[in-house]
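Below are the chains, spelled out letter by letter.
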Amino acid sequence: MRCGFERNDVPNFHQRFDGWWCAVGMDGLGSGRHYWEAEVGERDWRLGVAKESALRKGFKSLNTDTGYMTLRLERGTEFKALTVPFTSLPPGLIPRKVGIYLDYDNGQLSFYDVDKHLHIYTYNETFTERLFPLFGTVEIIRDLVIRSPAPKTHCLCPTSCLWA
């Protein structure tokens, strides 16, 4: 995923963002455990999930009040969880590859630094609607790369292991 200068002529469905440079996954997640990874840029990105009811039009803040659970890096140094109010995260936790682990049934969305095998942040909430993986970037040089996870040799799961 890369931010470009040309605007594509695509249908303006209600699921499509028309303000922020973000995209959501096609399939909503409504049960079970799920894991995905993203190689992120060095300046600006956001990753997490959007609730099915989350507003995607305009430039509303993409935080827990508007139906989002995300991590955000701004200007390469401001790292935060977009809670209300936002939760500042230490710059030493800024990852290059982020693992996102959703345990829908137990109400947890966790973020990990894949390379360092470190936990970054966990949202805890009772989920009542489908969640859609969310990806956003304003990088114009480096791609935000979404990957299927490679086989793990070291578990990052907070509870029973997803890879066992």
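Structure: above.
Residues numbered from 1 in each chain as written. Predicted model: local features only at pLDDT ≥ 70, side-chain atom pairs only at ≥ 80, totals over all residues. Heavy atoms only, no water.

What follows covers the packing of aromatic side chains. Applying the stated criterion to the full structure yields four aromatic pairs. When the centroid spacing of 5.3 Å and the interplanar angle of 40 degrees are considered together, the rings of Tyr 104 and Phe 127 count as tilted. Remark: Phe 127 occurs in the loop between strand S9 (118-124) and strand S10 (131-137) and Tyr 104 occurs in the loop between strand S7 (97-103) and strand S8 (108-113); sequence separation between them is 23 residues. What makes Phe 127 buried here is its relative accessible area of 10%. For the ring pair Tyr 121 and Tyr 123, a centre distance of 5.0 Å and an interplane angle of 75 degrees mean the geometry is edge-to-face. Relative accessible area serves as the criterion here: at 6%, Tyr 123 is assigned to the buried category. Feature note: the residues Phe 111, Tyr 121 and Tyr 123 constitute an aromatic cluster, connected by ring pairs. Positioned above the aromatic ring of Phe 86 is the side chain of Lys 80, whose terminal nitrogen or guanidinium carbon lies 4.3 Å from the ring centre. (Phe/Tyr/Trp six-rings, centres within 6.5 Å; stacked < 30°, edge-to-face > 60°. Helix = DSSP H or I, 4+ residues; strand = E, 2+ residues; numbered from the N terminus. Buried < 20%, exposed > 50% of the residue type's maximum accessible area, 1.4 Å probe, protein only. Lys NZ or Arg CZ within 6 Å of the ring centre and 35° of its normal.)

Another point: the pattern of salt bridges. Pairing between side chains becomes possible if they bear opposite charge and their charged atoms approach one another. Overall, the coordinates contain eight salt bridges when judged by the stated rule. Residue Arg 130 is joined to Glu 52 by a salt bridge in which the shortest nitrogen-to-oxygen separation is 2.6 Å. Of this pair, Arg 130 sits in the loop between S9 and S10 while Glu 52 sits in the loop between strand S3 (45-51) and strand S4 (68-74), and the two are 78 residues apart along the sequence. By relative accessible area, Arg 130 is classed as partly exposed at 37%. Of the charged contacts in the structure, one is a salt bridge between Glu 74 and Lys 80, with a shortest N-O distance of 2.8 Å. Note on Lys 80: relative accessible area 10%, which makes it buried. A cluster of three or more residues bridged by salt bridges with shared partners is formed by Asp 44, Arg 72, Glu 74, Arg 75, Glu 78 and Lys 80. (Salt bridge = Lys/Arg side-chain N within 4 Å of Asp/Glu carboxyl O.)

Right, let's get into the pairing of strand S5 (residues 78-81). Judged from the four bridges that link them, S4 and S5 form a sheet pairing that is antiparallel. The residue of S5 that forms the bridge with Leu 71 is Ala 81. The turn joining S4 and S5, which pair antiparallel and follow one another in sequence, is formed by three residues; a positive phi near 55 degrees is taken by Arg 75. Relative to strand S6 (residues 87-89), S5 is paired through three bridges, and the arrangement is antiparallel. Looking at S6, one finds that Ala 81 is bridged to Thr 87. (Pairing = 2+ DSSP bridges.)

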